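What the coordinates show
Each chain, letter by letter, is given below.
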Amino acid sequence: MKIKKLHDWQVSPQEAINIQNKLKNKVILASPYQSLEEIKTVAGCDVNYEKKSAIVQAAVVLIRLKDWTIIEKVIIKKPLKQSFPYIPGLLSFREAPLLLLAFQKIKGIPDVILFDGHGIAHPRQLGLATHIGILINKSTIGCAKSLLWGEYNEPENLKGAYSFLTDKNLKVIGAVLRTRKDVKPVFVSSGYKINLDLAVEVVEACCKKYRIPEPLRLAHYYSKTKLH
DNA sequence: GCGACAG
DNA sequence: ATCTTGTCGC
């Protein structure tokens, strides 16, 4: 996939915030897809940090939505050394550099990409999914396991139940979706070039048995597998 | 000043 | 996120 290089990743936290504030004008939510039926392939990605080996490993897994078969996977790693620290709100500066290399390497073109983190449900509307969506010009969805920004009421304890995540002005910025009964809900938000309704449909279509959508479960697994 | 805080 | 043991439930 083609990657735009719009800025450097080796920046100070304040510079990172400035970059996010500039990029928020580039956020587009209009989707090239009208319905779930038009979405044939979905990719999931994740990054693993292993303290002992001091290695960072990223995985991108491309699956066919229809039957969840794996079409392709890319696994790459780098030393932990030069990684940006984890700072809430600046996750993309930690994870995007390696993920972009993985997206550069993958041959297939996913219709939609799922991220382990938020999209526009972010203090500057520039969560990991949104930031990478802008850089690779693909539809992206944020699917985080915990809250970063916004307020919500707990959804009903039923698979498929959801409530809205809103900002301080009560504007809807995401959905809090129960992907199965008796589990904590996940936080779904538009990343780039997809609307919230369709984003929720995609996540639901990727969940049957487990809390975490299948492309992310697979990416999580492969980001932790030892390579020899 | 205090609390909240994706991975 | 990492590290880590037992425990509960299908």
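The text that follows walks through the structure, step by step, so that each part is easy to find.

Quick notes on the rules
Residues numbered from 1 in each chain as written. Chains lettered and ligands numbered in written order. Predicted model: local features only at pLDDT ≥ 70, side-chain atom pairs only at ≥ 80, totals over all residues. Heavy atoms only, no water. Salt bridge = Lys/Arg side-chain N within 4 Å of Asp/Glu carboxyl O. Helix = DSSP H or I, 4+ residues; strand = E, 2+ residues; numbered from the N terminus. Buried < 20%, exposed > 50% of the residue type's maximum accessible area, 1.4 Å probe, protein only. Arc of directions from axis to C-beta. Contact = heavy atoms within 4.5 Å. Pairing = 2+ DSSP bridges. Near = heavy atom within 4 Å. Polar contact = N/O pair within 3.5 Å; in protein donor to acceptor, adjacent residues only side chain to side chain. 1 Å grid on protein atoms, 1.4 Å probe; cavity = no way out; pocket = protein on both sides within 12 Å on 5 of 7 lines; lining within 4 Å. Points joined across faces, edges and corners; volume = space filled by probe spheres on them. Nonpolar A, V, L, I, M, F, W, Y, C, P; charged D, E, K, R; others polar. Patch = residues over 30% accessible without salt bridge, like charges linked within 9 Å, V, L, I, M, F, W, Y side chains within 5 Å. Areas by Shrake-Rupley, 256 points an atom, 1.4 Å probe, with all protein chains shown as cover. Lys, Arg positive; Asp, Glu negative; His and termini not counted. Charge placed at Lys NZ, Arg CZ, Asp CG, Glu CD.

Taken as a whole and assessed by the stated rule, the structure comprises five salt bridges. Across the pair Glu154 and Arg178 runs a salt bridge whose closest N-O atoms are separated by 3.7 Å. Note that Glu154 is positioned in the loop between β5 (139-144) and β6 (162-166) and Arg178 in the loop between β7 (172-177) and β8 (186-192), a separation of 24 residues in sequence. Asp182 is the salt-bridge partner of Lys181, the closest N and O atoms lying 3.6 Å from each other. What makes Asp182 exposed here is its relative accessible area of 57%.

Among the residues of helix α1 (residues 13-23), those classed as buried are Ala16, Ile19, Gln20 and Leu23. Taken end-on, α1 shows its buried residues confined to a sector of 100°, consistent with a single buried face. On its buried side, α1 packs onto α2 (91-105) and α3 (128-136).

This brings us to the pairing of β7. With five of six residues buried, β7 lies mostly within the body of the structure. Pairing between β6 and β7: five bridges, direction antiparallel. Looking at β7, one finds that Phe164 is bridged to Ala175. Here β6 folds back onto β7, and the loop between the two strands holds five residues, one of which, Leu170, carries a positive phi near 65°.

Not every one of the 16 residues close to DNA strand B is listed here, only the nearest: Tyr86, His118, Leu128, Lys145 and Ser146. Protein-adjacent atoms of DNA strand B, using a 4 Å cutoff, are sugar or phosphate at a proportion of 49%. Measuring from a phosphate oxygen of DNA strand B, one finds a backbone N or O atom of Lys145 at 2.9 Å.

Sizing a probe to match a water molecule and rolling it over the atoms shows the empty space that remains. One number sums up the size of the largest pocket: a volume of about 400 Å³. Mapped onto the lining of the largest pocket, the elements with two or more residues apiece are β1 (41-50) and α2. Considering each element in turn, the lining of the largest pocket owes the most residues, three residues, to α2. Class assignment of the residues belonging to the lining of the largest pocket gives a composition of nine nonpolar, eight polar and four charged. The space that makes up the second largest pocket amounts to roughly 290 Å³.

Turning to a positive patch on the surface, a few remarks are in order. On the surface, Lys159, Arg180, Lys208 and Lys209 cluster together into a positively charged patch. Judged by its relative accessible area of 67%, Lys208 is exposed.

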